[in-house]
Amino acid sequence: MTCTGCETKLSRTLAILPSVSRLKTSLVLSRAEFELDSSLGSVTEVIKHLEKTTEFKCEQITNRGSTLDLICTGDATNLVKGDWPQGVIEVKYLGKRTVRVDFDPKVVGSRDLVQKGWSNPMELAPPSADHSLKSGAKHVRNMGLITLISILLTIPVLVLAWAPLPNKKQNEVTFGAISLAFATVIQIFIAGPFYPKALKALVFSRVIEMDLLIVLSTSAAYVFSVVAFGYLVRDQPLATGEFFETSTLLVTLIMVGRFVAAAARQKAVESISIRSLQSSSATLISPGDGAIEQNIDSRLLQYGDVFKVGPESCVPTDGTVITGASEVDESMLTGESNPVEKSEGSSVIAGSVNGSGVLTVRLTRIPGDNTISTIANMVDEAKLSKPKIQELADRIATFFVPIIISITVIVFCIWLAIGIAVQKKPASEATVQAITYAISVLIVSCPCAIGLAVPMVIVVATGVAAEKGVIFKSANAIEIAWKTSHVVFDKTGTLTQGKLRVARSEYLDTENDGKSLLLGLIADSKHPIAVAVAKHLEDEGVAAEVVHEPKNLVGRGIEGTSAGRTLRAGNSRWLDLGDDPLVKSILAQEHTAFCFTIDGEILAVFGLEDSLRSDAISTIAQLKAKDITIHVLSGDDDGAVSAVTTQLGIPAANVRSRCTPADKQKYVKELLDNPTSSKKPVVMFCGDGTNDAVALAQASIGVHMNEGTHVAKSAADIVLMRPTLAGVLVAIAVSQKSIHRIGFNFGWSFVYNVFAILLAAGAFVHARIPPEYAGLGELVSVLPVIAVGVTLKVATIKTG
């Protein structure tokens, strides 16, 4: 896909199929995603329809469980048609001896599948690149080959036309015949594929795209040259003669432009590929007393495996350290430059680099479904989404080609009239002159830069942000983050570290069995307060008693039953203990109060405290320097919230404590509905818990701290893989620099096309673009757009 016309053609062709819904397309990735109603059509039927109506070549990318490419000893066709091992979902034919196997890794491990799953021995095929990168690289290679052939065929034509050859006048017909032969080959085999693409786009998709301009211009130059050569053979040469060098050089320069643009786009996409961080090998430790070490392909790791990470080596996949200690560099994924200490019980992530120690790690996620894969999938999702500004580019591009054709007709008519009426040329000579100007206008104008102005920047921006630990889940977030006027923070786990500790505990249960019941009630909760209290009780040596059906009540606490008694643990408001002297005493110390009752009778009260994140103060200061208003919403008690916001210098008017999820949503909505200036407010909400999900969804931009829950993550527009607040600054900076580049791209596209069209049309008396050089237009217009997008990768993103 070369320009937005291609994407429009793709979208319209798929949109008319009743089986296709929720369609997403990407120009830069040359990719489409959609939901398919299998009762109305199959994937094969969709692909056949798409290839028939667009001339695109399509490849289906599957993501069903895990995937392995295997080499079999016999014919792969028999393997596809035969019986599959348990856990195998699909087997696809790739080559005479190669198949692609999709399988459920929880039913059958990859190593077991290769070694024991089939009756005949199987081998693991060499690793293949990321599907998108692989198909893109193949396209670039094909374009390069075609361009090279076009260059080799064009050179003889140029030599015969421009070189001072002896007896040139006498051999004019012979030279013309040779040029005709080469030009015909170029027109049929190099420019030929443009014809069905342009016509099918016009007929099936109702799209007038760039290929039509190429067809009209190259055909006009070629046909006119053939006619002129015919007159030459009849010994009635036209005054202008034939110009096969124009049609051949035009096609060649167009191919050069498209090849360079395709190669540059491919390089940009490859440079921000997250999947490239995946390690290709792993050291497997076999179970048993011998503890045999074996170096294997990381694709063969499966659930239950234990692997070793040696000094200065890459962690092959996510896991938990069971022995050893070291420092691990996680900067390639989290943006944190300082190594992170790892010891027994610590988690390690795929793609991180071990320090000088040796770690033995138990696998928790297989390579096809680890942190790298998760991040890459979220980044891909953002690449396939489109900001609203893209709609403007699409509308401009839709009218671009028809406008250029209209301008071309006007230019032809003007120069025909000038040639006859002003320059007093013969009609044939005036017509030829008018045709050359028209051809130049047709081909020098280029909508490709407009089409790439937005998606090129979005693709690079998502990759750059991901490298700094910030995942944009939608392109719309990139578009509006720089306009953020309010940032609303949750407190616990966002502004603070979320690692609460019990600072004070008061027990009113004289028989001491309440501790065991409390531990049984809260033991399985993931809420930071419950986790802190549970740890405190375990450190005291308390053993948990069985509590039936404990239920987490969002924004309140936990409820369960034991021996017919109702157990409740949570905040003092839910338990109606705000007036209890003990609770008041704990709240007065600016602690978070956590209470435990049995049948409404209070048995224990805990006072918990938390500490600010190390970068909280600097981040808040930098946001204020950008004239962004800071707010804090928390379900915590007044004193605990006040202690944090006072340190951060946030005014009390912008702080709300004891908030329910509905309260947070309401507060965000009020900010959105009450602009303080003529500009519409853009509210960013940053939280980490389930009770933040509704506020994340309500805000203009929802930001999720990675230590939180999957519910909150799904509602967020941005995910911070590094649990520090600096990610908020990164998101705003990436957005701002992206918008600046998109603005430049639009400006460049406008300036280039206006100036190039005027130059090609002869508006400047002593300067013009000859038709044979007009093919450089795509190169000149597109490369700056790609270059500006790529510079985002090396731009300084200030995070404090």
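Residues numbered from 1 in each chain as written. Predicted model: local features only at pLDDT ≥ 70, side-chain atom pairs only at ≥ 80, totals over all residues. Heavy atoms only, no water.

Identification of the protein chain as HMA domain-containing protein from Pseudopithomyces chartarum is taken from an unreviewed UniProt entry. In UniProt, the protein chain has this text filed under Subcellular location (unreviewed entry): "Membrane". The protein chain has a UniProt comment under Sequence similarities (unreviewed entry) that states "Belongs to the cation transport ATPase (P-type) (TC 3.A.3) family. Type IB subfamily." (UniProt positions renumbered as here; feature names shortened; annotations may be inferred.)

Peer 1: How should I be thinking about the overall build of the protein chain in this particular structure?
Peer 2: Helices and strands together make up the secondary structure of the protein chain, namely 27 helices and 28 strands. Here the C-alpha coordinates of the protein chain stretch approximately 120 × 70 × 55 Å along the principal axes. When burial is assessed residue by residue, the protein chain has 51% of its 800 residues classed as buried. The long-range fraction of contacts in the protein chain, counting pairs at least 24 apart against all pairs at least 6 apart in sequence, stands at 68%. Accessible surface for the protein chain amounts to roughly 35,800 Å². Of this, 57% is attributable to carbon and sulfur atoms. Computed over 74 positive and 78 negative side-chain charges, the inter-centroid distance for the protein chain is 9 Å. (Helix = DSSP H or I, 4+ residues; strand = E, 2+ residues; numbered from the N terminus. Buried < 20%, exposed > 50% of the residue type's maximum accessible area, 1.4 Å probe, protein only. Contact = heavy atoms within 4.5 Å. Areas by Shrake-Rupley, 256 points an atom, 1.4 Å probe, with all protein chains shown as cover. Lys, Arg positive; Asp, Glu negative; His and termini not counted. Charge placed at Lys NZ, Arg CZ, Asp CG, Glu CD.)

Peer 1: Before we go on, may I ask you to explain the packing of helix 7 (residues 194–204) against helix 8 (residues 210–233) in this structure?
Peer 2: When two helices pack together, you describe them by how their axes are tilted relative to each other and by the distance separating the axes. Where helix 7 contacts helix 8, the axes come no closer than 8 Å and their chain directions differ by 130°. Viewed along their axes, helix 7 and helix 8 adopt a mutual orientation that is oblique. Relative to helix 8, the crossing made by helix 7 is left-handed. Across the interface between the two elements, Phe194, Tyr195, Lys197 and Ala198 from helix 7 touch Asp211, Leu212, Ile214, Val215, Thr218 and Ser219 from helix 8. Of the residues belonging to the contact of helix 7 with helix 8, the class tally is six nonpolar, two polar and two charged. (Axes fitted to C-alpha atoms, helices over the stretch in contact; angles between N-to-C directions. Parallel < 35°, antiparallel > 145°, perpendicular 65-115°, else oblique. Left-handed = near helix turned anticlockwise from the far one by under 90°. Nonpolar A, V, L, I, M, F, W, Y, C, P; charged D, E, K, R; others polar.)

Peer 1: I would appreciate a short explanation of unusual backbone geometry in the present structure.
Peer 2: Most peptide bonds take the trans configuration, and most residues that are not glycine carry a negative phi. The residue Glu590 is not glycine, and still its phi comes out positive at about 60°. Mapped onto the elements, Glu590 comes out in the loop between helix 20 (581–588) and strand 22 (592–598). A relative accessible area of 40% means that Glu590 is categorised as partly exposed. Although it is not a glycine, Asp599 sits at a positive phi angle of roughly 50°. Relative to the elements of secondary structure, Asp599 occurs in the loop between strand 22 and strand 23 (601–609).

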